[in-house]
Amino acid sequence: MSVNELFKKDLKVVNIGLKSFYNDLKSQNLTAVHVNWKPKAGGKTRMVSLLDKLKKMN
Amino acid sequence: MIIQTIVKKNAYYDSVTLMLLSRELKKLEGVEEILVGMGTDLNIELVQNLGLFSGELESITSNDLFISAKFDETRTNLEAIEAAFVEQLNKTDQKEADDDYQPPTLKSALQYLPDANMVVVSVPGQSAADVVDEALDNDLHVMLFSDNVSVEDELRLKQKAVNKGLLVMGPDCGTAIINGAPLCFANAVRRGRIGVVGASGTGTQEVTVQIHQMGGGLSQVIGTGGRDLKEEIGGLMMIQGFQALIDDPETDLIVLISKPPAASVAEKIYRIARQSAKPVVIDFIGGDRAAIEAVGAIACISLEDAARKAMAKLNGQKVADFVGFSLPEAEIEQIVDKAVATLKPDQTELRALFTGGTLADEAMKLLGGRYAIYSNIPLSPEMAIENMPDQKGHLCLDLGEDRFTRGRPHPMIDPQTRTEFFRSHVDEQTAVILVDVVLGFGSHADPAGAVVDSVREVRKRLGKVGREVVVVASVCGTDLDSQNLERSVRALESEGVIVMPSNAQAVRLTDRVFQRLEKGN
């Protein structure tokens, strides 16, 4: 969807990160969903890089 | 005193929640120092710097939560600290709409909300590029609030977005209003015919707020992140946003806001501006006026001036530089007279304590070469704060800059950093304290109240040595913001703060006071 097409729609937001941003959207009755995000592979750098390699191989 | 740590495996909370919790827990009886955080490298370094490191942290991952505390074991214990932590966390949760379904991934979120069109990303910087990649792969526009994203990632993501006709607003993008929906740190403003593309957060907020206060409204406010107009990124998002506003039938006039861009980037923007059938107002704060006017765009001397010129042009009125005050000159003189009369001859210094970086930058540029001002974002390298001799001289700080926000929330969210600077950097030689008060979504519930508390405290302290101090403020906010413009102004004025209607006017008034002081009252 181009930027100008976006301008014609109701904004519908997926929020990933600080939950306060989601709460602000909900307080204005905007459509939003908050992702209960966690760092990939528990944030372990080596595991993340192995997973990335696997993803690329697939 | 002993140091003890609790580690909770696989318990993820966002950094702002935990930083605010740390601050609350530090108030506990017997606790000298405490840090609650996720086990990221940055937090572990912070724990070491605070002298709170213990063996439990050696095998921690960034998916684990820790509480490290130094406390007096005769007055409290780890169980009591943990109980207080749980209690505070429950309080936070109760404030939130927690009954809503929270999918664990973007993929599952899109099953739940298949017609989503925007992803707001504020995860830690090292994870942000992955999240944005996935959003772009799903043809979604992105607002990227996270900082600490590499220039290489920014360029790659923005190129990918441009190829797909999508927005990547950021990294480090604080404010945007898309289709009337304020994202992250935006003010509540009415909708209207003016479109804005801004590379600087509080600069964009100030312009949108001023347009609202003058009776105007905003069609779209697109953020780009502060690095967008640097050579490396080439202005990809400003150009993308600019073009979209040119093509948008709901936008009649376009305002562009940024610090001065790289020459090659400015050229690209000027080329589009020259061809635009819609009027274009450009505030490249302190930038090249002649170059802007040469392409038929309207150049500005301040953020307020940008808003005024946009409104004048839109309403078919004369467009002229606004160099003065909203109040009549005689009233301004009276305010200056009254302020200067309270000061002693050796009160000569400025303490400008800003929460908004662009507002601090604008203040220094408007004060021009007339004063030597030390800063953490200095106009020239020799005026860096490190070169300030024994805290003597004028000082203007951007308290939201990285060095002041390590391990603590941005001062727009939590005013504590500024409260501490009121204590440590205002002294008997201070003549004027200049502050911004930024309202809006994302900001503290009562930033004016926090300034009032600090001013009261500083007046009490200086009063003991027979001194007063002049405090000048501007409030970046509207009547529609939850903190409310009028209520905030009233609270500040009741504490004797001189409240001006814009940052530019607050700076100009400060300038008048110093001009008068230099003349010897």
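Residues numbered from 1 in each chain as written. Chains lettered and ligands numbered in written order. Predicted model: local features only at pLDDT ≥ 70, side-chain atom pairs only at ≥ 80, totals over all residues. Heavy atoms only, no water.

1. Points about the domain arrangement of chain B
Residues and elements named next belong to chain B. Per the domain assignment, the segments making up chain B are domain 1 (2-95), domain 2 (106-314) and domain 3 (329-518). In this structure, domain 2 and domain 3 have C-alpha centres spaced 28 Å apart. Each side of the interface is counted separately: domain 2 has 28 residues, and domain 3 has 30 residues. Both sides together, the interface formed by domain 2 and domain 3 hides about 2,100 Å², and carbon and sulfur atoms give 57% of it. Together, Phe185, Ala188 and Thr202 form the three largest contributors to the area buried by domain 2 at its contact with domain 3, with a combined 26%. Along the contact surface separating domain 2 from domain 3 lie zero salt bridges. Inspection of the domain 2/domain 3 interface yields 14 residue pairs in polar contact (both at pLDDT 80 or more). Broken down by secondary-structure element, the contributors of at least two residues to the side of domain 2 that touches domain 3 are strand 8 (181-184), helix 7 (201-213) and helix 11 (303-314). Among the elements that take part in the side of domain 2 that touches domain 3, helix 7 stands out by supplying nine residues, more than any other. (Domains from an automatic or database assignment. Contact = heavy atoms within 4.5 Å. Buried area = accessible area lost by both parts, 1.4 Å probe. Salt bridge = Lys/Arg side-chain N within 4 Å of Asp/Glu carboxyl O. Polar contact = N/O pair within 3.5 Å; in protein donor to acceptor, adjacent residues only side chain to side chain. Helix = DSSP H or I, 4+ residues; strand = E, 2+ residues; numbered from the N terminus.)

2. Observations regarding the packing of helix 12 (residues 329-341) of chain B against helix 18 (residues 503-518) of chain B
Residues and elements named next belong to chain B. As a packed pair, helix 12 and helix 18 sit with axes 10 Å apart at the nearest point and diverge in direction by 55°. By the angle between their axes, helix 12 is oblique relative to helix 18. In the crossing of helix 12 with helix 18, the sense of the turn from one axis to the other is right-handed. Facing Glu329, Ile332, Glu333, Ile335, Val336, Asp337 and Val340 of helix 12, the residues of helix 18 in contact are Leu509, Arg512, Val513, Arg516 and Leu517. (Axes fitted to C-alpha atoms, helices over the stretch in contact; angles between N-to-C directions. Parallel < 35°, antiparallel > 145°, perpendicular 65-115°, else oblique. Left-handed = near helix turned anticlockwise from the far one by under 90°.)

3. Here we look at the nonpolar core
Ranked by internal contacts, the top residues of the largest apolar core, which has 152 residues, are Val14 of chain A together with Met118, Met169 and Leu183 of chain B. In terms of nonpolar packing, the next biggest core, distinct from the first, is built from 31 residues, Phe404, Leu439, Val455 and Val471 of chain B among them. (Core = buried A, V, L, I, M, F, W, Y, C linked by side-chain atoms within 4.5 Å. Buried < 20%, exposed > 50% of the residue type's maximum accessible area, 1.4 Å probe, protein only.)

4. Here's the deal with the packing of aromatic side chains
Two aromatic rings, taken as a pair, are described by how far apart their centres are and by the angle between their planes. Enumeration over the complete set of coordinates arrives at eight aromatic pairs over all chains. A centroid spacing of 5.0 Å and a plane angle of 65° characterise the contact between Tyr101 of chain B and Tyr112 of chain B, whose relative ring orientation is edge-to-face. Of the two residues, Tyr101 of chain B is situated in the loop between helix 3 (78-95) and helix 4 (106-112) and Tyr112 of chain B in helix 4; the sequence distance between them amounts to 11 residues. An angle of 80° between the planes, with centres 5.1 Å apart, marks the rings of Phe404 of chain B and Phe421 of chain B as edge-to-face. With Phe404 of chain B in helix 14 (residues 402-405) and Phe421 of chain B in helix 15 (residues 416-425), this residue pair connects regions lying 17 residues apart in the sequence. Considered together, Phe404 of chain B and Phe421 of chain B belong to a single accessibility category, that of buried residues. Here the aromatic residues Phe21 of chain A together with Phe145 and Phe185 of chain B are joined through ring pairs into a cluster of three or more. (Phe/Tyr/Trp six-rings, centres within 6.5 Å; stacked < 30°, edge-to-face > 60°.)

5. Digging into empty space enclosed by the protein
Residues and elements named next belong to chain B. The full count for this structure, using the stated rule, is three cavities of 30 Å³ or more. The volume enclosed by the largest cavity comes to roughly 90 Å³. Lining the largest cavity are 14 residues, and of these Thr355, Pro415, Arg418, Pro447 and Val451 lie nearest its centre. Of all the elements in the fold, those that place two or more residues in the lining of the largest cavity are helix 15, strand 17 (430-438) and helix 16 (447-463). For the lining of the largest cavity, the element with the highest residue contribution is helix 16, accounting for four residues. (1 Å grid on protein atoms, 1.4 Å probe; cavity = no way out; pocket = protein on both sides within 12 Å on 5 of 7 lines; lining within 4 Å. Points joined across faces, edges and corners; volume = space filled by probe spheres on them.)

6. Re the state of the cysteines
Residue and element names in this part refer to chain B. Inspection of the entire model under this criterion finds zero disulfides over all chains. The thiol sulfur of Cys173 is not disulfide-bonded, and the nearest other cysteine sulfur, from Cys184, lies at 7.2 Å. Look at Cys184 and you get buried, because its relative accessible area is 5%. (Disulfide = S-S within 2.5 Å.)

7. Some thoughts on the pattern of salt bridges
All names here are of chain B. Scanning the entire structure with this criterion turns up 41 salt bridges over all chains. With a closest N to O distance of 3.1 Å, Arg512 and Glu333 form a salt bridge. With Arg512 in helix 18 and Glu333 in helix 12, this pair connects stretches of sequence that are 179 residues apart. Linked by salt bridges that have partners in common, Asp133, Asp137, Asp153, Arg156 and Lys160 make up one network.

8. What about the interface of chain B and chain A?
Counting from both sides, the interface comprises 57 residues of chain B and, opposite them, 38 residues of chain A. Buried surface at the junction of chain B and chain A, summed over both partners, amounts to about 4,100 Å²; 61% is from carbon and sulfur atoms. Broken down residue by residue, the surface that chain B buries against chain A is led by Gln102, Asn117 and Asn179 of chain B, which jointly contribute 13%. Taken together, the links from chain B to chain A amount to one salt bridge. When the shortest N-O distance is used, the salt bridge between Asp115 of chain B and Lys12 of chain A registers 2.7 Å. Counting the contacts that link chain B with chain A gives 18 residue pairs in polar contact (both at pLDDT 80 or more). For the side of chain B that touches chain A, the secondary structure elements donating two or more residues are helix 1 (15-25), helix 4, strand 4 (118-121), helix 5 (125-137), strand 8, strand 10 (218-223) and helix 8 (236-246) of chain B. When its residues are assigned to classes, the side of chain B that touches chain A shows 32 nonpolar, 16 polar and nine charged. Here strand 1 (residues 12-16) of chain A runs beside strand 4 of chain B; their pairing, made up of four bridges, is parallel. Looking at the pairing, Val13 of chain A lines up with Met118 of chain B of strand 4 of chain B. (Nonpolar A, V, L, I, M, F, W, Y, C, P; charged D, E, K, R; others polar. Pairing = 2+ DSSP bridges.)

9. Some points on the sheet that holds strand 2 (residues 31-38) of chain B
All names here are of chain B. An order of 1-3-2 is seen for the three strands of this open sheet, with the pairing classed as antiparallel. Of all strands in the sheet, those with a lone pairing partner are strand 1 (2-8) and strand 2, marking the two edges. Within this sheet the neighbouring strands show an average axis-to-axis angle of 10°, counted without direction. Relative to strand 2, helix 1 is tilted by about 165°, and along the sheet it contacts strand 2 and strand 3 (65-71).

10. What about the environment of Asp130 of chain B?
Residues and elements named next belong to chain B. Its place among the elements puts Asp130 in helix 5. For Asp130, a relative accessible area of 36% translates into the label partly exposed. Placed 16 residues apart in sequence, Asp130 and Ser146 show a C-alpha to C-alpha distance of 12 Å.

11. Observations regarding helix 15 of chain B
The complete set of buried residues in helix 15 of chain B reads Thr417, Arg418, Thr419, Phe421, Phe422 and His425 of chain B. Buried residues along helix 15 of chain B sit against strand 14 (349-354), strand 16 (394-398), helix 14, strand 17 and helix 16 of chain B.

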